[in-house]
Each structure stands twice: as C-alpha cells, then as structure tokens.
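The chain contents come next:
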Amino acid sequence: MDHSRSQLISTVLVIDDSLEDRHAFQRFLQQDAQASYRVLEAESGEQGIQLLDQLQTQAGCDLVLLDFWLPDMDGLDVLRQVKQRLGLTTPILMLTGLANEQLAAQALQLGAQDYVAKQQLTAEVLQFAVRTTLRQAKLQMQLSTYKAQQSLIQDIALRIRQSLNLKDILQQAVIEVKQLLKCDRVIIYRFLPGGNGIVEVEALQPGWATVLGEVIQDPCLANGWIQKYRQGTTTAIEDIDIANLEPCHHDLLAQFQVRANLVIPLAISYPQTVKGEMRSLPQASNKIVLWGLLIAHHCAGARQWQPSEIQLLEQLAAQLSIAIQQAELYQQTQLNNQQLEATVRSRTADLQQANLELSRLNESLQVSNQDLEQFAYIASHDLREPLRKVKSFAELLAKRYHGQLDETADRYIDYVTDGAVRMQTLINDLLAYSRWGKQNLVKAPTDLNQVLSRTLETLDDAIHRRQAVVSADTLPVVSADALQLEQVFKNLLDNALKYSRDDRPPQIAITAKERGADWLIAVEDKGIGIEAEFCDRIFILFQRLHTQSEYSGTGIGLAICKKIIERHGGEIGVTSLPNSGSTFWFTLPSRSSSD
C-alpha cells in the first residue's frame, strides 16, 4: 500500500485493441469535470495483465476498462487470469460492441463490477460508470476495513476476559494492529517514575531496528506533550521532516528510523483513597493517570493516517486501558487484603473464627478478581457479584466485631467497606460508558417532552427531597434514540440537583431553541457553578472538580452524555459562572435535516 500516492487522481488502465476507442475513452475521461484520471493503455489481454502486475508493485491501479474482443484472448479469459495469476481486487468495467445479457452475466460472475455496451457509450455515460464503479469499490474497501477493525476489537475484548496475563494481551494487540495497518512498527510504551519510559511490547516489520526493552528519555515530554497526552489527545504525524516539530522530538523519532507516527494515550484511573493508605500507588486520587502510549510507526516513508485508522487505535486503547486498570485494581485489592489479615491476626486470638471467615472471603475475592482481570463489555454481572460479597462480609465484620478490636482494625474494616462501594460504582459507570458507546443507535421520531417526563418520574424522590423547582419549555420531536436521550437528561438533572447551593432550593429550567438545522436544548440551574477554565475538562472521562468527600461520583456521567450526543451528530457544552449557576446545552439535528 502506497500511502504517499495522491488520493485526487485515479489510475485507469484501458485494455482495448482499437486505438481509436482507447483514445476516445481517454478523451472522455479527461473531460470529466468531477474527477481527474491518469489513463494507461494496453492493446492486448496479455499486455494488460503484465501492466497490471507492474502497477501492483508500484503506484497501483484504481480501475480497468476491459474490451471483450481482444486479439489474443477474450475479456472473460482476461478476468480469469487476473484472478488466478494476480489475485487482484481492482474493479473491472467490461466494454463490448454487443449488448449480450448472457455475456454480461458471465463477466459479473468472474468478478467484473459492471458491463457497458459500446453502442450506448458517450462521454457522460462513461464518466458516470467510472465514477460509480470507483465509488462502489471505495465503499467496499471501507466496509472490509471496518469489519477487520471491529473483529480486532472484539478479539482483544475476548482476550481480556480469557487471559490473566496482561503482557500477552498487549503483545497480541500490537501484532494484530501492525498487520491491519500495514505499518512497520507498533509498540506500547509505559511511563516510569522520573519521566523515563520503557517499550513493553513490540511488533516489528523485518528490516527495521528493534526498540523492545529500550528505556527512553524523551526531553519533549517536559515541553507540554505529557500534558496533552494526559488530556487524552491523539497525535498523528504524517512526515517528521515537514511537521514543524521541535528539534528534540524530530531527533528522537529519526533515531528510531520513524518517518510517520500515530500516538494514542493509555490512561487509567485510581479510586480516591485516604491519605496514608495505598502507599504503593501515590498517584491514587480518583483522577486520570497516564499509564503509557500506544504507538504506530511508519518507517519506509511519509504516511497519511486515515480517520478509520485513528479511530481503530483509539478504540483499542480504550480496551487496553480497561485491561491495565483491572490489573492495577487486582494488585491493589491483594495488598489491602494482606494488610487487613495481618492486622487482625496480630491483635487478638479471639478472632480465629473471624480470620477463618476472612481467609475464605479472601479466596473468594481472588477468584472474583480473576474474573475482574477477564474484563469485557459484556461481563457486568461477573464483576459486580464479587464486590457485593466483599461489601457484605466487611459489613458483617463491622457489625459483629466493631468495638471488640482496636481502633485501627475498625478503621481498616471501614476502608474495605468504603473501597468496595467506590469500586462497585466505578465499574458500573465504566460499563455504562462502554455500553453507550457500543449499543446500536436506534433512531426514530422521538418526542423529547415524553423523554423528559419519564426522566422526571425517575428522579421524583430526589426532586421532592431537595424541594427543587423544575420548569420546561415545550420540547421538539427529533430523530433520536429515546433511551439514550433519557440517560442524557437524567445525568444532567442529577448534576443540577447534586451541585445546587445550600442556601436555597434548586431551580432548574429546560429550554429548547431552533438554531438553523439543529435544536439547542439547555438545562439551566442556579447552583454552585464552574470556573471557566474547567468547562471543557468536565466532559473528559474520570475528570472531577471536587473530592469524593465533597460530592460523590466517578467523573463518568458527563462523558456518557458527550458520547451519546456526539453519536447523534450533535455537540454538548456548558456555560457557567461560579456561585451563579451553570447552563449545560446540547444540540440535536432537527427531523428534517436528519431525515
């Protein structure tokens, strides 16, 4: 695949023994105001096959115009030999002087995309047929690429469920990405304390230098790149020689023979912990932590990264982040359990039976954590059930032995209970975030008044408890997935109730305004407000502005809203002033524009 080849000029090979016809076809194509073509010619079937073989190793061929009657073989023979000898998938448009339906059917069965009779051929007919055939071929290639990408994502998700070995999951991921993207090197780079990083796994095209196990000091990370990666920014460089890079960045890439690269952050989140605990995880503060980078290298030359390729790596990075997250949570839980067991054993011999129960609970927790390592989007029950047991037994320990142990042991038991609740909430929200991204979007005419009414019924207890006043304009009917929009309203209204001021009941207003081809829906509150510098940050996964003790939550609700609205083709944002309130708004295409 030549990624430097222009996408604006299509190469067309004309195989026809008539010089007059070849020149006419070339003239017709050059007159096309909607497309540009490079036209090559062959006057026999064998010459055309040889030229196709040469093009396959060079710039490629986008379309073949094939005459049926040739001096050395007919068009059907050419189709057979192209398929047998070259195995090409280049679209072929059959041309002949006879309008023979049986002949057309044979050509289509052998792989021709279409069939046009020369008697009916004009410049307009040929131009339309060529553009249509090229468009169909492009769509078919995109569909094939999409299926391969989705298959890769599903395979990785399955491995997360089936394997406890994080290194194996990462290694298989880079191998399959390299094969799918046809690039020269794919690595996963893990950050180390102190600013260095190490290449954990690598898939490498023969002929290029390996970087596996290299400890790399990147001086550019301190110049702002690390902050971009923490914010989830994807970077794509098509050619390091013309990308206006900082010298330190250019030199680092050139050192490893990189000409173009694609970098996706791998980020995880630790639950918030009490100061002094979990000392092995000093970053743990319920905020996003940059674990490493998923990087694709193209060394042979410049490369234009396609949106579908970027999307593939972003989806894969999300899966790998989940696998890494589960490994970290597993280790963290193991450490906490060991500390709790040691404390209980050392404090009193009267708790032998309790220690036995705790040991059994520990074994059960280890099994559940193995299931946690096998995390996938469809494993919500398997993840929640073990955590429920941890919470139940910890509450049982607190109920039976509170006050019988020393104060430290009581506090540790409280930590286990509280940690299980927070972990359960985090997993539920992660799964919800994943589900909304994978769930099919079922659009239908949707009355937002009915959606809002159902949401208010769901939140009825919270509204009455806070004595909130909720008002709403008449809302429009849009083409949307009603269930997903109900989740958006629920999350926004939840936030309006949660972040209200203490000195007065919440006042919430839902408004709708038509804006061009979109509807602008707004949820306005009179709550505590948000500093302007944080208005974009709150829509990023795991980003929170308050501690867990101030306001509960996981920082996922607004990220879910953003994902749902963007899948509907809309936008979402917020305007706010501290102590004056916030207005969360989102847009949805009107029914006329979406239809």
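The rules behind these values
Residues numbered from 1 in each chain as written. Predicted model: local features only at pLDDT ≥ 70, side-chain atom pairs only at ≥ 80, totals over all residues. Heavy atoms only, no water. Helix = DSSP H or I, 4+ residues; strand = E, 2+ residues; numbered from the N terminus. Contact = heavy atoms within 4.5 Å. Areas by Shrake-Rupley, 256 points an atom, 1.4 Å probe, with all protein chains shown as cover. Phe/Tyr/Trp six-rings, centres within 6.5 Å; stacked < 30°, edge-to-face > 60°. Buried < 20%, exposed > 50% of the residue type's maximum accessible area, 1.4 Å probe, protein only. Axes fitted to C-alpha atoms, helices over the stretch in contact; angles between N-to-C directions. Left-handed = near helix turned anticlockwise from the far one by under 90°. Nonpolar A, V, L, I, M, F, W, Y, C, P; charged D, E, K, R; others polar. Arc of directions from axis to C-beta. pLDDT = per-residue confidence, 0-100. 1 Å grid on protein atoms, 1.4 Å probe; cavity = no way out; pocket = protein on both sides within 12 Å on 5 of 7 lines; lining within 4 Å. Points joined across faces, edges and corners; volume = space filled by probe spheres on them. Pairing = 2+ DSSP bridges. Core = buried A, V, L, I, M, F, W, Y, C linked by side-chain atoms within 4.5 Å.

**Comments concerning the overall build of the protein chain**
The number of helices and strands found in the protein chain is 17 helices and 18 strands. Considering only contacts in the protein chain between residues 6 or more positions apart, those separated by 24 or more positions represent 70%. In the structure as shown, the protein chain presents an accessible area of about 29,700 Å², 48% of it carried by carbon and sulfur atoms.

**Looking at the packing of aromatic side chains**
Counting across every chain of the model gives three aromatic pairs. Centroid distance phenylalanine 68 to tryptophan 69: 4.6 Å. Interplanar angle 90°. Geometry classified as edge-to-face. The class for phenylalanine 68 is buried, based on a relative accessible area of 5%. Measuring from centroid to centroid gives 5.9 Å for phenylalanine 489 and phenylalanine 586, while their planes differ by 70°, and the two rings are edge-to-face. Taken together, the residues span a long stretch of sequence, with phenylalanine 489 in helix H15 (residues 482-498) and phenylalanine 586 in strand E18 (residues 581-589) at a distance of 97 residues.

**Quick word on the packing of H15 against helix H16 (residues 557-567)**
Two numbers describe how H15 lies on H16: the axes approach to 9 Å, and their chain directions differ by 145°. As for the relative orientation of H15 and H16, their crossing is left-handed in sense. Residues Gln484, Leu485, Gln487, Val488, Asn491, Leu492 and Asn495 of H15 form the contact with H16, whose participating residues are Gly557, Leu558, Ile560, Cys561, Ile564, Ile565 and Arg567. Split by residue class, the contact of H15 with H16 holds eight nonpolar, five polar and one charged.

**Digging into helix H13 (residues 448-458)**
Turning to H13, its buried residues are Leu448, Val451, Leu452 and Thr455. Each buried residue of H13 sits inside an arc of 95° when the element is viewed along its axis, so together they form one side.

**A word on the confidence of the model for the protein chain**
Scored by pLDDT, the protein chain comes out at a mean of 79, with 77% of its residues at no less than 70. Across residues 274-285, where pLDDT falls below 50, the model places 20 contacts with residues more than four positions away in sequence or in other chains. Considering only residues more than four positions removed or in separate chains, one finds that residues 368-380, a stretch of pLDDT under 50, has 40 contacts.

**Concerning empty space enclosed by the protein**
Under the criterion given, the structure shown has four cavities of 30 Å³ or more. Each pocket or cavity is described by its volume, and for the largest cavity that value is around 300 Å³. Together, 22 residues line the largest cavity, and Asp218, Leu252, Leu253, Leu293 and Ile295 are the ones closest to its centre. Listed by contribution, the elements that provide at least two residues to the lining of the largest cavity are strand E6 (185-191), helix H7 (225-230), strand E9 (235-237), helix H8 (247-255), strand E10 (260-269) and strand E11 (288-298). Here the residues of the lining of the largest cavity sort into 17 nonpolar, four polar and one charged.

**Regarding the side chain of serine 590**
With respect to the element layout, serine 590 can be found in the loop between E18 and helix H17 (591-594). The residues contacting serine 590, other than those within four sequence positions of it, are Ala517, Asp518 and Trp519.

**With respect to the sheet that holds strand E7 (residues 197-204)**
One open sheet accounts for six strands, arranged E8-E7-E6-E11-E10-E9; its pairing is antiparallel. For this open sheet the edge positions go to strand E8 (215-216) and E9, each flanked by a neighbour on one side alone.

**Details of the nonpolar core**
Counting residues in each nonpolar core, the largest one holds 38 residues, and the members touching the most others are Phe489, Ile510 and Phe586. For this core, the leading source of residues is H15, giving seven residues. Excluding its chain neighbours within four sequence positions, the residues that come into contact with phenylalanine 586 are Val488, Phe489, Leu492, Trp519, Leu520, Ile521, Ile565, Glu571 and Ile572. Ranked by size, the runner-up nonpolar core spans 29 residues in total, among them Ala296, Trp305, Leu312 and Ile324.

**Some words on the pairing of strand E2 (residues 36-42)**
As paired strands, strand E1 (residues 9-15) and E2 are joined by seven bridges and run parallel to one another. Its bridge partner lying in E2, valine 14 is registered against glutamate 41.

**Quick look at H16**
Considered for burial, the residues of H16 that qualify are Leu558, Ala559, Ile560, Cys561, Ile564 and Ile565. Directly beyond the C-terminal end of H16, a positive phi value near 85° is found at glycine 569.

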